[in-house]
Number of protein chains: 2
Amino acid sequence: MSGTTFTADPRFSINQMTVKQLSLPELVDGCRELGIQHLGTWRAPVQEYGVEAAAKLLRDAGLNVTTHCRGGFLTATDETERKAAIEDNKRAVDECVTLGTNVLVLVSGGLPSGSYDLGAARERIGDALVELAPYAAERGVRLAIEPLHPMYASDRCVVSTLAQALDIAENFPAEQVGVCVDTYHIWWDDQAPAQIARAGAQGRIATFQLADWTTPLPEGVLNGRGQIGDGAIDMRYWRGLVEAQGYTGPIEVELFNDGLWARDGREVLAETVERFTAHAV
Amino acid sequence: MSGTTFTADPRFSINQMTVKQLSLPELVDGCRELGIQHLGTWRAPVQEYGVEAAAKLLRDAGLNVTTHCRGGFLTATDETERKAAIEDNKRAVDECVTLGTNVLVLVSGGLPSGSYDLGAARERIGDALVELAPYAAERGVRLAIEPLHPMYASDRCVVSTLAQALDIAENFPAEQVGVCVDTYHIWWDDQAPAQIARAGAQGRIATFQLADWTTPLPEGVLNGRGQIGDGAIDMRYWRGLVEAQGYTGPIEVELFNDGLWARDGREVLAETVERFTAHAV
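All figures in this text were calculated on a predicted structure; none of them were measured in a lab.

Help me understand the interface of chain A and chain B in this model?
Opposite the 28 residues of chain A that make contact, chain B presents 28 residues. Here chain A meets chain B over a buried area of about 2,300 Å², counting both sides, of which 64% is carbon and sulfur. Counting the contacts that link chain A with chain B gives 0 salt bridges. At the surface where chain A touches chain B, the tally comes to 8 residue pairs in polar contact (both at pLDDT 80 or more). Residue classes in the side of chain A that touches chain B are distributed as 15 nonpolar, 8 polar and 5 charged.

Explain the environment of T18 of chain A to me, please; I cannot follow it from the model alone.
All names here are of chain A. Along the polypeptide, T18 turns up in the loop between β1 (12–15) and α1 (24–34). Classification of T18 as buried rests on a relative accessible area of 0%. Separated by 83 residues in sequence, T18 and T101 have C-alpha atoms that sit 19 Å apart. When near neighbours in sequence (up to four residues on either side) are disregarded, T18 contacts V253, E254, L255, W261, V268 and T272. Here L255 takes part through its backbone nitrogen, which lies 2.9 Å from a polar atom of the side chain of T18.

Before we go on, may I ask you to explain the relation of the copies chain A and chain B in this structure?
Between the two copies of the chain lies a rotation about an axis combined with a shift along it. With an axial shift of 0.0 Å and an RMSD of 0.0 Å, the rotation relating chain A to chain B amounts to 180°. On this basis, the relationship between the two copies can be described by a two-fold rotation axis. Relative to the rotation axis, the closest C-alpha in chain A is found at E219 of chain A, a distance of 1.9 Å. In this assembly, 100% of the residues forming the interface of chain A have copies in chain B that are likewise at the interface, indicating an isologous arrangement.

Help me out: how do you make sense of unusual backbone geometry in this one?
Glycine aside, a negative phi is what most residues show, and trans is what most peptide bonds show. All names here are of chain A. Across the junction of T215 and P216, the peptide omega takes the value 0°, indicating a cis bond. With respect to the helices, strands and loops of the structure, P216 is situated in the loop between β8 (212–213) and β9 (225–226). Notably, V221 is not glycine yet its phi reads approximately 50°, a positive angle. V221 sits in the buried class, given a relative accessible area of 3%.

Would you take a moment to explain the sheet that holds strand β1 (residues 12–15) of chain B for this structure?
Pairing between the strands of a sheet comes from backbone hydrogen bonds, and it takes one of two forms, parallel or antiparallel. Residue and element names in this part refer to chain B. Taken in spatial order, the 8 strands of this closed barrel run β1-β2-β3-β4-β5-β6-β7-β10, and their pairing is parallel. For this sheet, the mean inter-axis angle between neighbouring strands, taken without regard to orientation, is 30°. In this structure, strand β5 (residues 142–145) lies alongside strand β6 (residues 177–182), joined through 3 bridges in parallel fashion. Looking at the pairing, A144 lines up with G178 of β6. Strands β4 (103–107), β5 and β6 of the sheet are contacted by helix α5 (residues 118–138), whose axis makes an angle of about 135° with β5.

Please clarify how the environment of F172 of chain B should be interpreted in this entry.
Residue and element names in this part refer to chain B. Relative to the helices and strands, F172 is located in the loop between α6 (162–169) and β6. Look at F172 and you get buried, because its relative accessible area is 9%. Along the sequence, F172 and A133 sit 39 residues apart, while their C-alpha atoms lie 7.8 Å from each other. When sequence neighbours within four positions are dropped, the list of residues in contact with F172 reads G126, L129, V130, A133, V177 and R204.

What am I meant to see in the pattern of salt bridges here?
Proximity of charged atoms lets side chains of opposite charge pair with each other. Within this structure, the stated rule accounts for 41 salt bridges over all chains. A salt bridge links R82 of chain B to E79 of chain B; the nearest nitrogen and oxygen atoms lie 3.5 Å apart. Placement of the pair is R82 of chain B and E79 of chain B together in helix α4 (residues 79–99), with a separation of 3 residues, close to one helical turn. Its relative accessible area of 39% is what places E79 of chain B among the partly exposed residues. Between K90 of chain B and E131 of chain B there is a salt bridge whose closest N-O contact spans 3.0 Å. Residue K90 of chain B is found in helix α4, and its partner E131 of chain B is found in helix α5; the two are separated by 41 residues along the sequence. We classify K90 of chain B as buried; its relative accessible area is 12%. Relative accessible area serves as the criterion here: at 37%, E131 of chain B is assigned to the partly exposed category. Several salt bridges converge on common partners, so that one network encompasses E87, K90, R91, D94, E131, E138 and R139 of chain A.

About the cut-offs
- Residues numbered from 1 in each chain as written.
- Chains lettered and ligands numbered in written order.
- Predicted model: local features only at pLDDT ≥ 70, side-chain atom pairs only at ≥ 80, totals over all residues.
- Heavy atoms only, no water.
- Contact = heavy atoms within 4.5 Å.
- Buried area = accessible area lost by both parts, 1.4 Å probe.
- Salt bridge = Lys/Arg side-chain N within 4 Å of Asp/Glu carboxyl O.
- Polar contact = N/O pair within 3.5 Å; in protein donor to acceptor, adjacent residues only side chain to side chain.
- Nonpolar A, V, L, I, M, F, W, Y, C, P; charged D, E, K, R; others polar.
- Helix = DSSP H or I, 4+ residues; strand = E, 2+ residues; numbered from the N terminus.
- Buried < 20%, exposed > 50% of the residue type's maximum accessible area, 1.4 Å probe, protein only.
- Least-squares fit on C-alpha atoms with pLDDT ≥ 70 in both.
- Pairing = 2+ DSSP bridges.
- Axes fitted to C-alpha atoms, helices over the stretch in contact; angles between N-to-C directions.

So this is what it looks like as C-alpha cells:
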C-alpha cells in the first residue's frame, strides 16, 4: 500500500452501489488497495457477473460480504405477482448463501396501483414473511426490513419508520427477521432513537448503513444520497445510538448519487473511506 | 353562471398558489364564476398587489380569506436574523388583520447552515412564539404550525409531524397557536390519525388543506404536489378524521405544481373545483 493511500477503518464496509461504475474485479482491487475488509453486494451486478463467480472472487480476496441488497417488493395484491415476488426473494436468499452473507436487506415495496391503503400493504409484507423468513432461516440468512424515507411511501416502500419495521419484525423470531438502520431514511425521525433502543433490546439490528442527507433532492429522489460529511446528518450521533445497543458489526456506506457515479470510481472509493474516518469514527 | 360551469362546494377554498398564474383580479373573477366562497392568500403576490387593495378587492367580492400563507422561518441561531424573522412575522400578522383572516400559517424553517440539531431548532420555534403568539392573539390572529413532509426537514421545516407541531403548540393557549393539517405532508404517517384526534381534543385544528401525492417527485421536491385525485391519498379518509374532531371550516386546496402552473389558470381553477367535489365531498 502506498504512503499516500488512506487505509480503511476496520468497521468500514462499502456497498457495491456506491461505486457502481466499478466492475466487481475493479472493486475488489480497490478494496485490497485501501484495506477495505467488508463489502455489501447488490443483486443485479452480482447476477450479471455470475453469482458463483462473484462469490469466488470475493472469497479469494478475503472480503466479508456484510449484506446482499435487495429482496422485498412484497406488497402486490395480485396473487400471481405475489407468488413471483416470494419466489424471487427465495432466489435472493439462495444468492446470500452462495455469497456467504447472512443478511438479506428487504425494500418492502410501494402501494399497488389504485390503492390508498398503506396499512394493508404493510400487512401483506408480514404475510409474505411467514413463508420467506423460515426459508431464509433454514439457510442461515436473516431478513432485514429496511424502513425507507417517507418520500418513498407510495412507490417504493410502505415501511417508513423503524417503528413500523419492528411492528412487522416482532411477529418473527429475532434470528429470522431484523431491521436495517440506515441514517438516510431515519435521521429526521424524533422517534428513531427510541426505536433503535427497541430494536437493540430485541436483538434485531441486522445491519447499519450510512448515507448523508443533502439538498436539493434530484428528480425522482432516488439518486441524491449525499457523501458522508456533505449533509445534515450527524453520523457519530447515530453510530453512538446503534453501538449503545451493542451493535459491533461492519458499517456499510450505501450511496446512490449521480454525481458520484459520474466520477472515477477508485477516487470515489478512496474518498468514501476517508469521509467515513473523518465523520463516523 | 353558465350551465356548463361547475359550482364549487360551499366548503371549498382555493389557495392562491394553486393558480399563481392568475392575477388577484383574475382569481376573484374566477371565484365569482365558479361560486367559490373562500380563498387562501399568499404573502408575496398580495404584497405585490398591495395589501390594502387586495383586502378591498376580496371584501368587495364577498370572498372569505381562510388563511394567509406564510409566516415562520423561525429557526435561525443568529440573533439579528432571529429578530428580523420575528419582525417579519409580525408584519404577516398585520397583513392577516388587513385581509380579514384569523389564521396565519407557519412554515417553521430548516436547519441553520452547519447544524445537525433538529430538536434544538424546534425549541427555537417555541421560543419565538413566546413573543409572536400574544402579538397575533391581541390582533385576533391564530398561528397555525404546519408540519411539512420529512423530505423538507433540513432546508425548509424542522417540524415534520403533527406530533411535533402539537408538542410546540401545547405550550400556548389553543386560541393562540393551532396546527395546519395538510394531507400532502402527513398522509404517510401512521401516527397522524391519533394526532388529529389530539389536535381536535385541544381545539387546535386551525385549518385543513388538501394536496395529492404523486410521483416521480420533481427536482427540489417543491413543485410536485398533485391535483386532487391524481395520487395516493384518500382525501375522504382524511376529511373524515378531521371532521370527526368537529372541524367544519373551509377546506383549502393548496397545490404547488409546475405542470398546473403552465396551464390556463381559469381551466385549472375549474378543474380543481371539480376534483374537490369528485374526491373530497
